[in-house]
Amino acid sequence: MTEDRTLLSVRGIEVSFAGVKAADNVTLSINRGDFTAIIGANGSGKTTFLNICTGYVKPQAGAVYLEGRDITALPPRDIAQQGIARSFQIPQLFTDQTVRENLMLSIAAREGIFQGFTPLDRREYREEADVFLALVGLESVADSLAGTLPEGKRKLADVTLALALKPRLLLLDEPTSGVSALERFDIMETLMAALRERQTSALFVEHDMEVVRSYADRVLVWDAGRVISDGQPGPVFSDERVIKSVLGAM
Ligand SMILES: Nc1ncnc2c1ncn2[C@@H]1O[C@H](COP(=O)(O)OP(=O)(O)OP(=O)(O)O)[C@@H](O)[C@H]1O
Ligand SMILES: [Mg+2]
């Protein structure tokens, strides 16, 4: 018997915004243990897909399953509690709180405690926050206000907030955008080591094809709300449709 590696699956997902199809009958599965990349031109529906999986956008048709359980109707907070966490295209850190305080808020939220902007200064949250900071090498900025971080560290801190939710699946919307080409690889190395250590599967939207080629086990190519190619980076990058719709346009 082969083991079922399916972690997340979507079936027949449809989302339109004012007549524009952002998801056009999307059916696919994400496997446990994989680091899956999503690529595609601007406006092709990549962020919409992450929004659907995390409950921020509700599909007009179709369903989302996490380990076989239908999560389509659940609100984002419940989906996070079920094991899917995400980072956003624009980091969502509280800029006037320190990096450690941001992490403590994330840990408290995971425990079901939501107190808005009040830092929850419990020793166990502080200690756990420091474990996550060490995991991604951000110890030196623990006491810095999140709003003062350089972009690379800010992106990494944002991903760490999502990791602190202890997800089974982490969705990352352009984790390396806005940073130098060199720094992108540092972020990815750190991230990959952290994901391995936490045994967390991930799906990430990425525009840098070298990053995708270096780190992804699988690539899903979006075009006008549809997946037009799906496979390992090598074959996908030599697929004529991908060259025409994504690579040629870059
Ligand atoms: N909340 C919304 N309201 C209206 N239209 C939306 C909304 N979210 C997305 N869209 C539209 O849906 C389409 C897909 O957008 P989406 O943000 O998913 O693209 P993307 O692939 O993430 O693009 P980018 O690479 O620029 O981040 C676009 O035409 C966009 O304008
Ligand atoms: Mg996007």
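Just so you know, these numbers come straight off a predicted model, no measurement behind them. (Residues numbered from 1 in each chain as written. Chains lettered and ligands numbered in written order. Predicted model: local features only at pLDDT ≥ 70, side-chain atom pairs only at ≥ 80, totals over all residues.)

The next point concerns unusual backbone geometry. Positive phi outside glycine occurs at Asn 25, with the angle close to 55 degrees. Examined against the element boundaries, Asn 25 turns out to sit in strand E2 (residues 20-31). What makes Asn 25 partly exposed here is the crowd of 14 C-beta atoms within 10 Å. Of note in this structure, Glu 174 is not a glycine but carries a positive phi near 55 degrees. (Helix = DSSP H or I, 4+ residues; strand = E, 2+ residues; numbered from the N terminus. Buried ≥ 20, exposed ≤ 12 C-beta atoms within 10 Å, placed from the backbone.)

Looking now at the environment of Asp 158. Inspection of the secondary structure assignment puts Asp 158 in helix H5 (residues 151-163). Residue Asp 158 is classed as buried on the basis of its C-beta count, with 23 C-beta atoms lying within 10 Å. Sequence separation between Asp 158 and Glu 183 is 25 residues; the distance between their C-alpha atoms is 16 Å.

The subject of this paragraph is H5. End to end, H5 covers 18 Å across 13 residues, agreeing with the expected 18 Å (1.5 Å per residue, within 8%). The element H5 is largely enclosed, with a buried count of 11 among its 13 residues. Considered for burial, the residues of H5 that qualify are Lys 153, Arg 154, Lys 155, Leu 156, Ala 157, Asp 158, Val 159, Thr 160, Leu 161, Ala 162 and Leu 163. If you follow the buried residues of H5, they end up packed against strand E6 (84-87), helix H3 (99-110), helix H4 (123-135), strand E7 (169-173) and helix H6 (181-198). (Expected span 1.5 Å × (residues − 1). Contact = placed C-beta atoms within 7 Å.)

Bringing the site of ligand 1 into the picture now. In the vicinity of ligand 1, 12 residues are found, and the nearest of them are Phe 17, Asn 42, Lys 46, Thr 47 and Thr 48. Elements with a minimum of two residues in the shell around ligand 1: E2 and helix H1 (46-53). The element best represented in the shell around ligand 1 is H1, accounting for 3 residues. Of the residues that constitute the shell around ligand 1, the class distribution is 3 nonpolar, 8 polar and 1 charged. (Near = placed C-beta within 6 Å. Nonpolar A, V, L, I, M, F, W, Y, C, P; charged D, E, K, R; others polar.)

Split into domains, the protein chain comes out as domain 1 (1-83 + 167-250) and domain 2 (88-166). Put simply, the middle of domain 1 and the middle of domain 2, counted by C-alpha atoms, are 24 Å apart. Only E7 and H6 provide two or more residues apiece to the side of domain 1 that touches domain 2. Ranked by residue count, the leading element in the side of domain 1 that touches domain 2 is H6, at 7 residues. Residue classes in the side of domain 1 that touches domain 2 are distributed as 9 nonpolar, 4 polar and 5 charged. (Domains from an automatic or database assignment.)

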